[in-house]
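Examination of the molecular architecture
Spelled out, the chains give:
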Amino acid sequence: MFKWFVITIIVVGSLLTVLIYIDSSNQAEEQIRAEHDHGIQLFDESTEYETEYNGQSKSQYAEPELSMNIPEPQFYGDFHSTDLNDSEQILNRIEEIEVILTSEEYTGDRVPFYGELKLLYLQLGRDDGAAEASRHIAMELDDADDWWNAAVLFYRWALAQESEDHFYYYLQRSEDAFSNAVSINPGAPILTDYAIILQALQKSEDAMAQIEKAIALDESYSRAHLYGGLILHEKGKKDKSISYISRSLELAVDEDETRFIRNILAEASIEI
């Protein structure tokens, strides 16, 4: 069992800002987090994935810790005349936008619409819809940050699924988005996050390859060493894992980082 994935916080730290394409300067309002499972049309869910995982259940691949954070979006009271305290108006606005984007007659800039969709879906607590919007922005702009955003949003939605098939479906959507992100602009933090998703999908060799790439790019990035050590620990290579984990502690930039590493080790029942 991947004990090191069992943690209480979805994501900590902040390495990336979500790109939301909006045009307003009003003060942020409270977020709407109610679920609205009916009447919401996602762009597509046509991709099919295999969900054979050696008989392992979702609970055995509990929540990994990603190094990046998806900040809460900004909420504006005057946003295309949509009352952000009215979920019905939000759903109506989503439908309007999707009609525009699927119209053969529309040939204008799509990115602002996808940015607005991301905001609206996030307000409804629908990380899947926000992930799809971010994915479309990434395809329009060929932008690594938007692929990274989509990857983490798909991951967060995977964690909310009760169905094992849906859990792995969205994990693989996350993997696909990470693959696109690192192909455009690889860096140590994103490669480390990518490795965590690969490990959750039981692709340990691929995960470790991403860790090694991250360390080669930035030997000082402590979390690459930490997660490399955790992957090796899960593979039974305990002695080698200790050297990676010890190195992560040596590289910790401050007390908060050291505390973070210690907490992860405590969750994994690893003593250094």
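None of these values were measured; they are calculated from a predicted model.

Tallying secondary structure elements over the protein gives 10 helices and 0 strands in all. Listed by position from the N terminus, the elements making up the protein come as α-α-α-α-α-α-α-α-α-α. Among the 272 residues that make up the protein, the fraction classed as buried is 51%. Here the contacts in the protein between residues at least 6 apart in sequence split such that 72% fall between residues at least 24 apart.

One finds L117, L171, F178, L226 and L230 to be the most contacted residues of the largest nonpolar core, which totals 69 residues. Here this core takes 10 residues from helix α4 (residues 144–159), the largest share from any one element. Residues contacting L226, with those up to four places away along its chain left out, are Y244, I245, S248, F260, I261, I264 and L265.

Attention now goes to the pattern of salt bridges. Under the counting rule described, the total for this entry stands at 13 salt bridges. Between E132 and R135 there is a salt bridge; the shortest N-O distance is 3.0 Å. Of this pair, E132 and R135 are both found in helix α3 (residues 127–141), 3 residues apart, which corresponds to roughly one turn of the helix. Comparing E132 with R135 shows no difference in burial state: the two are buried. Of the charged contacts in the structure, one is a salt bridge between R259 and D256, with a shortest N-O distance of 2.8 Å. Note that R259 and D256 are positioned in helix α10 (residues 255–267) at a spacing of 3 residues, about one turn of the helix. Judged by relative accessible area, R259 falls into the partly exposed class, the value being 46%. If you follow the salt bridges from partner to partner, you end up with R93, E96 and E116 in one network.

Right, let's talk about α10 for a bit. With 13 residues, α10 extends 18 Å between its outermost C-alpha atoms, agreeing within 8% with the 18 Å of an ideal straight helix rising 1.5 Å per residue. Taken residue by residue, α10 has E257, F260, I261, I264 and L265 as its buried positions. Looking straight down α10, one finds that the buried residues subtend no more than 135 degrees of arc, so they occupy a single side. The exposed residues of α10 that point more than 90 degrees off its buried face are E255, D256 and A266. N-cap assignment for α10: the residue whose side-chain oxygen lies 3.2 Å from the backbone N of D256 is D254.

This part takes up the side chain of D193. Along the chain, D193 turns up in helix α6 (residues 188–200). Buried charged residue D193 carries no salt bridge. Nearest counter-charge: R223, at 7.0 Å. Of the polar contacts made by the side chain of D193, one reaches the side chain of W148; its length is 3.4 Å.

The N-to-C vectors of helix α8 (residues 222–234) and α10 enclose an angle of 10 degrees; their axes lie 11 Å apart at closest approach. For the element pair α8 / α10, the angle class is roughly parallel. Here S222, R223, L226, Y227 and L230 of α8 lie close against α10, whose contacting residues are E257, F260, I261, I264 and L265. Within the contact of α8 with α10, the residues separate by chemical class into 7 nonpolar, 1 polar and 2 charged.

For α4, spanning 16 residues, the distance from its first C-alpha to its last is 23 Å, which sits close to the expected 22 Å at 1.5 Å a residue. Buried residues dominate α4, accounting for 14 of its 16 residues. For α4, the side-chain oxygen to backbone nitrogen distance between the N-cap and D145 is 3.0 Å, and the N-cap itself is D143.

This brings us to unusual backbone geometry. Although it is not a glycine, D142 sits at a positive phi angle of roughly 55 degrees. Its location among the elements puts D142 in the loop between α3 and α4. A relative accessible area of 55% places D142 in the exposed class. Phi is positive for S269, which is not a glycine, with a value near 55 degrees. Secondary-structure assignment places S269 in the segment after α10.

Another aspect to go through is the side chain of E98. Relative to the elements of secondary structure, E98 occurs in helix α1 (residues 87–102). Nearest to the buried, unbridged E98 among oppositely charged side chains is R126, at 9.3 Å. Engagement of the side chain of E98 in a polar contact is seen with the side chain of Y121, the distance being 2.9 Å.

Parameters and conventions
- Residues numbered from 1 in each chain as written.
- Predicted model: local features only at pLDDT ≥ 70, side-chain atom pairs only at ≥ 80, totals over all residues.
- Heavy atoms only, no water.
- Helix = DSSP H or I, 4+ residues; strand = E, 2+ residues; numbered from the N terminus.
- Buried < 20%, exposed > 50% of the residue type's maximum accessible area, 1.4 Å probe, protein only.
- Contact = heavy atoms within 4.5 Å.
- Core = buried A, V, L, I, M, F, W, Y, C linked by side-chain atoms within 4.5 Å.
- Salt bridge = Lys/Arg side-chain N within 4 Å of Asp/Glu carboxyl O.
- Expected span 1.5 Å × (residues − 1).
- Arc of directions from axis to C-beta.
- Polar contact = N/O pair within 3.5 Å; in protein donor to acceptor, adjacent residues only side chain to side chain.
- Lys, Arg positive; Asp, Glu negative; His and termini not counted.
- Axes fitted to C-alpha atoms, helices over the stretch in contact; angles between N-to-C directions.
- Parallel < 35°, antiparallel > 145°, perpendicular 65-115°, else oblique.
- Nonpolar A, V, L, I, M, F, W, Y, C, P; charged D, E, K, R; others polar.

Fair warning: the whole summary comes from geometry, so function is off the table for now.
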